[in-house]
Amino acid sequence: MKSIKENFTVKKQEINYLIDRSGKIKKFKPWLGYLFSFSYDKLMEKSVFPKLLNANINKHFEILKNEFIDIHSLNIIELGTGSGALAEVLPNDNRYVGIDISKGLLKKANYKFKKNNFDNFELYNSSADELPFEDNSFDYAICNLSLNFFDDINLFINELKRVLKTNSIFFCSVPIPERKLEKSKISGTLYSENELNQIFKKYDFDFESKSYENGAILYFTAILKK
Ligand SMILES: C[S@@+](CC[C@H](N)C(=O)[O-])C[C@H]1O[C@@H](n2cnc3c(N)ncnc32)[C@H](O)[C@@H]1O
C-alpha cells in the first residue's frame, strides 16, 4: 500500500510487524500481559468503565457510532487499536489502519474487523510515537481511550501531524483529571481539558471539546491546520 514504508515491515498471521536495523522484529513493552488480552473486553465492561471511569459503556459506543455515522471512504488511522472496539462502530466502507503495541490485542482486533466485514484494513504492531507511515497518508485519525497511555504526548502529536493531511480531523476520547472520581486510580498520564487544548494548539490543531457527558471521559476533536 502506498502510504506504508514497506521495507520496514513484515506480515505474520495477518498482523504487520516492524523490522529494526539488525533485521529483527521490533518488540514493544507490553502494556497488558499477553494472556490478559483474552479477558480484555470483559475487563473493560465490568471494571474499567463502571469502576475506574465511572462511565457507561453503552453510552460510550452510542457516542462513537453517532460521531462516525457519516464517515465513509476515508483513509483512517487509529492510535491504540486495542481489541478492535472501533470495528463495531465505524462504517466498514472506510480504509482502516490500526496500530498498537500489544500483539495479543491486535489479534483480537483482526478477528473483529473481519467479522464486521471490513474489506480494507491493516493492523500494525507499532507505537504511537513512531509511526511506520509516510507523511500526509490519512484523512482522519481516532484515539479511543488510549492517549493517557502514550509515553510522550509531544512525540505522539508530532507523528500524528506528520501522517495526517491538512484539515484532517483527530477524534479522541480520554479520561481527564477534573472529571474523575477522587478515589479512582486511572493509569497513565492524565491531562486536563485546558492542557490538552494548549498542547494541540501548539501543534497547529484547532481543539474543540464535545458536550457529551460520560463519567471521567472527555470527547474532543482537533482539526489540523498546517
Ligand atoms: C485502554 S486501551 C484502549 C484500547 C481501545 N482503543 C479500546 O477502546 O478498547 C489502551 C490501548 O493503548 C495501547 N497502547 C499503550 N501504549 C501505546 C503506544 N505507545 N502506542 C500504541 N498503543 C499503545 C494499549 O496496548 C491498549 O491497547
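Just above sits the structure.
Everything in this summary refers to the structure shown in the same document. (Residues numbered from 1 in each chain as written. Predicted model: local features only at pLDDT ≥ 70, side-chain atom pairs only at ≥ 80, totals over all residues. Heavy atoms only, no water.)

A closer look at the site of the ligand
Alright, step 1. What surrounds the ligand is a group of 19 residues, the closest being Tyr-40, Gly-80, Asp-100, Ala-128 and Asn-144.
Alright, step 2. The separation between an oxygen atom of the ligand and a polar side-chain atom of Ser-146 is 3.4 Å.
Alright, step 3. With the chains in place, 95% of the 600 Å² that the ligand exposes on its own is no longer accessible.
Alright, step 4. Looking at the shell around the ligand residue by residue, the class counts come to nine nonpolar, eight polar and two charged. (Near = heavy atom within 4 Å. Polar contact = N/O pair within 3.5 Å; in protein donor to acceptor, adjacent residues only side chain to side chain. Areas by Shrake-Rupley, 256 points an atom, 1.4 Å probe, with all protein chains shown as cover. Nonpolar A, V, L, I, M, F, W, Y, C, P; charged D, E, K, R; others polar.)

Focus on the sheet that holds strand β3 (residues 75–79)
Alright, step 1. Sheet architecture is open: nine strands sit in the order β1-β2-β5-β4-β3-β6-β7-β9-β8, paired in mixed fashion. A strand with exactly one partner marks an edge of an open sheet, and here the two such strands are β1 (9–12) and β8 (205–209). This sheet shows a mean twist of 20° between the axes of neighbouring strands, independent of strand direction.
Alright, step 2. Sheet topology places strand β7 (residues 164–175) next to strand β9 (residues 217–224); seven bridges connect them, and they run antiparallel. Residue Phe-170 lies in a different strand from β9, and its bridge partner there is Ala-222.
Alright, step 3. The strands that helix α5 (residues 193–202) touches are β7, β8 and β9; relative to β8, the one it contacts most, it runs at about 160°. (Pairing = 2+ DSSP bridges. Helix = DSSP H or I, 4+ residues; strand = E, 2+ residues; numbered from the N terminus. Axes fitted to C-alpha atoms, helices over the stretch in contact; angles between N-to-C directions. Contact = heavy atoms within 4.5 Å.)

Describing helix α1 (residues 40–52)
Alright, step 1. The end-to-end C-alpha distance of α1 is 14 Å, clearly below the 18 Å that 13 residues give at a rise of 1.5 Å each.
Alright, step 2. Every buried residue of α1 is listed here: Tyr-40, Met-44, Val-48 and Phe-49. Buried positions in α1, seen along its axis, are confined to an arc of 90° and lie on one side of it. For α1, exposure combined with an orientation more than 90 degrees from the buried face picks out Lys-42, Lys-46 and Lys-51.
Alright, step 3. Elements that come into contact with the buried residues of α1 comprise α2 (57–68), α3 (103–115) and β9.
Alright, step 4. At the exit of α1 stands Asn-54, carrying a positive phi of roughly 50°. (Expected span 1.5 Å × (residues − 1). Buried < 20%, exposed > 50% of the residue type's maximum accessible area, 1.4 Å probe, protein only. Arc of directions from axis to C-beta.)

Remarks on the state of the cysteines
Alright, step 1. Evaluated as defined, the whole model comprises zero disulfides.
Alright, step 2. For Cys-172, which is in no disulfide, the shortest distance to another cysteine sulfur is to Cys-143 and amounts to 4.7 Å.
Alright, step 3. What makes Cys-172 buried here is its relative accessible area of 0%. (Disulfide = S-S within 2.5 Å.)

A few points about unusual backbone geometry
Alright, step 1. Phi at Leu-145 takes a positive value of approximately 60°, unusual for a residue other than glycine.
Alright, step 2. Mapped onto the secondary structure, Leu-145 falls in the loop between β6 (138–144) and α4 (153–163).
Alright, step 3. Judged by relative accessible area, which is 13%, Leu-145 ranks as buried.
Alright, step 4. The phi angle at Asp-204 is positive, at roughly 70°, despite the residue not being glycine.
Alright, step 5. Along the chain, Asp-204 turns up in the loop between α5 and β8.
Alright, step 6. Given the relative accessible area of 34%, Asp-204 is considered partly exposed.

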